[in-house]
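For reference, the chains in residue letters:
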Amino acid sequence: VGRAQEFQLLNRWLANIPKRAAKSRAILARRKSGKTCLVQRIFNRLWSENGPVIPFYFSFEENKVWYPILALDYYRAFATQYVSFVERNALLVRQPLTLEELRHYGVTQQQPLLVRDIDSMLTDKARGLHNSVWKTACSAPHRFATYLDLRWLVILDEFQYITQYVYRDEACKVSLDDTLPGSYHSLSESKYAPMLITGSYAGWLTNIISKYL
């Protein structure tokens, strides 16, 4: 409840996204203070309005994850939410489609970028090119937005966890270095798909922003 001042600021910012005049933003607050509820409310509003801005929400979890699995989960969430927005099917938001289902949708609905992305990610994963898989996934909102001349809002919840819980090996014993947020360096400047990130540890997230974004 409340948060009138925050929503007033965010509403003005959201209104600038269709005009390509919105810069990426960050919300920093301690745990259990309502950040996730706030950004999910923004997602629900944009989805329900079915207006010029397509929302994408992804939460980085405080759990160990293998690098390419994170990439595929990220892409599945993005692509499924896009399909749910286009088809006006709210159930898809809660249950991501498989890559096979997404590829079938891309073929039948003439979405060549969707088909090409899935084919390239599966090929790159099989070849062990995990950096390429991640690059395809994390850049998807910006690429789709520019290719289709649409506008996206990329909401990344608990962004700081991307530096600590992502591993190079499937057994999750060899961690990546902490430079993964650098993948978003140029994407954070996108006017087609600006980012709204949140974090529960102000010092940690501020350091990531100043160093990589």
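Before reading further, recall that the structure is shown in the block above.
My aim in this report is to walk through the structure given alongside it, one point at a time. Computed from a prediction, not measured in an experiment: that's the story for all the values here.

Overview of the packing of helix α6 (residues 112-126) against helix α7 (residues 130-138)
Then step 1. Between α6 and α7, whose axes approach to 8 Å, the crossing angle comes to 160°. As the angle between them shows, α6 and α7 are arranged roughly antiparallel. Between α6 and α7 lies a crossing of left-handed hand. In this structure, α6 contributes Asp117, Ser120, Met121, Asp124 and Lys125 to the contact, and α7 contributes His130, Ser132, Val133, Thr136 and Ala137.
Then step 2. For the contact of α6 with α7, the residue count by class is three nonpolar, four polar and three charged.

Here's the deal with helix α8 (residues 140-148)
Then step 1. Among all positions of α8, only Ala140, Pro141, Phe144 and Ala145 are buried. For α8, the buried positions fall inside an angular range of 125° around the axis, keeping them on one side.
Then step 2. Contacts from the buried residues of α8 go to β2 (53-59), α3 (67-87), α6, α7 and β4 (151-157).
Then step 3. Downstream of α8 by a residue or two, Asp149 has a phi angle that is positive, lying close to 55°.

Considering the packing of aromatic side chains
Then step 1. Per the stated rule, a full pass over the model turns up 19 aromatic pairs.
Then step 2. Here Phe58 and Phe60 contribute two aromatic rings whose centre-to-centre distance is 5.2 Å and whose plane-to-plane angle is 75°, an arrangement assigned as edge-to-face. An identical accessibility class is assigned to Phe58 and Phe60; each is buried.
Then step 3. Aromatic side chains Tyr82 and Trp152 sit 5.3 Å apart centroid to centroid with 55° between the ring planes, which places their arrangement in the tilted category. Within this pair, whereas Tyr82 is found in helix α3, its partner Trp152 is found in strand β4, the two being separated by 70 residues in sequence.
Then step 4. Residue class for Tyr82 comes out buried when judged on its relative accessible area of 5%.
Then step 5. The class for Trp152 is buried, based on a relative accessible area of 1%.
Then step 6. Above the ring of Phe7, the side-chain terminus of Arg41 is found at 4.3 Å from the ring centroid.
Then step 7. A cation over an aromatic ring shows up here: Arg88 above the ring of Trp47, its NZ or CZ 3.9 Å from the ring centre.

Notes on the sheet that holds β4
Then step 1. Read across the sheet, four strands follow the order β1-β6-β4-β2 without closing on themselves; strand pairing throughout is parallel. The open sheet has two edge strands, β1 (25-28) and β2, and neither has a second partner. Looking at each pair of strands side by side, their axes are set apart by 15° on average, direction ignored.
Then step 2. Strand direction decides the pairing type here: β2 and β4, joined by seven bridges, are parallel. Looking across to β4, one finds that Tyr57 is bridged to Ile155.

Considering the packing of α7 against α8
Then step 1. Where α7 meets α8, the axes come as close as 5 Å, and the angle between the chain directions of the two elements is 50°. Classified by the angle their axes make, α7 and α8 are oblique. Counting all contacts with α7, which are made through Thr136, Ala137 and Cys138, the residues of α8 involved are Ala140, Pro141 and Arg143.
Then step 2. Residue classes in the contact of α7 with α8 are distributed as four nonpolar, one polar and one charged.

Section: helix α5 (residues 99-108)
Along an α-helix, residues three or four positions apart point the same way, because every turn accommodates 3.6 residues.
Then step 1. Buried residues of α5: Leu99, Leu102, Tyr105 and Gly106, and no others. All buried residues of α5 project into a common sector of 120° when viewed along the axis, lining one side. Seen from the open side of α5, the exposed residues pointing more than 90 degrees away from its buried face are Glu100 and His104.
Then step 2. In this structure, the buried side of α5 is in contact with α3 and α6.
Then step 3. Positive phi shows up at Gln110, right after α5, with a value of about 55°.

Here is what the cut-offs are and how they apply
- Throughout this description, residue numbers start from 1 for each chain and increase along the sequence as written.
- For a predicted model such as this one, the threshold for reporting local features is a pLDDT of at least 70, and the threshold for listing and counting side-chain atom pairs is 80 or more; totals across whole chains, interfaces and linings nevertheless cover every residue.
- Where side-chain values are given, they derive from all heavy atoms of the structure, hydrogens and water being excluded.
- Here an axis means a line fitted to C-alpha atoms, over the contact stretch when the element is a helix, while the angle between two N-to-C directions is reported on a 0 to 180 degree scale.
- Counting from the N terminus, the helices are DSSP H or I runs at least four residues long and the strands are E runs at least two residues long.
- Oblique is the label for every angle not falling under 35 degrees (roughly parallel), over 145 degrees (roughly antiparallel), or within 65 to 115 degrees (roughly perpendicular).
- With the far helix as reference, a near helix turned anticlockwise by less than a right angle produces a left-handed crossing, and one turned clockwise produces a right-handed crossing.
- Pairs of residues are marked as contacts when any of their non-hydrogen atoms sit within 4.5 Å.
- For this classification, Asp, Glu, Lys and Arg are treated as charged, while Ala, Val, Leu, Ile, Met, Phe, Trp, Tyr, Cys and Pro are nonpolar and the rest, including Gly, are polar.
- Accessible area is worked out with a 1.4 Å probe on protein chains only. A residue is then buried under 20% of its type maximum, exposed over 50%, and partly exposed in between.
- Working definition: the arc comes from the directions between the helix axis and the C-beta atoms, pointing outward to the latter.
- What counts as a ring pair is set by centres within 6.5 Å for rings of Phe, Tyr and Trp (its six-membered ring), and what kind of pair is set by the plane angle: stacked under 30 degrees, edge-to-face over 60, tilted for all other angles.
- A ring has a charge above it when a Lys NZ or an Arg CZ is no more than 6 Å from the ring centre and no more than 35 degrees off the ring normal.
- Here, a strand pair is defined by DSSP locating no fewer than two bridges between the strands.

Everything listed here is a matter of coordinates, which is why it stays silent on function.
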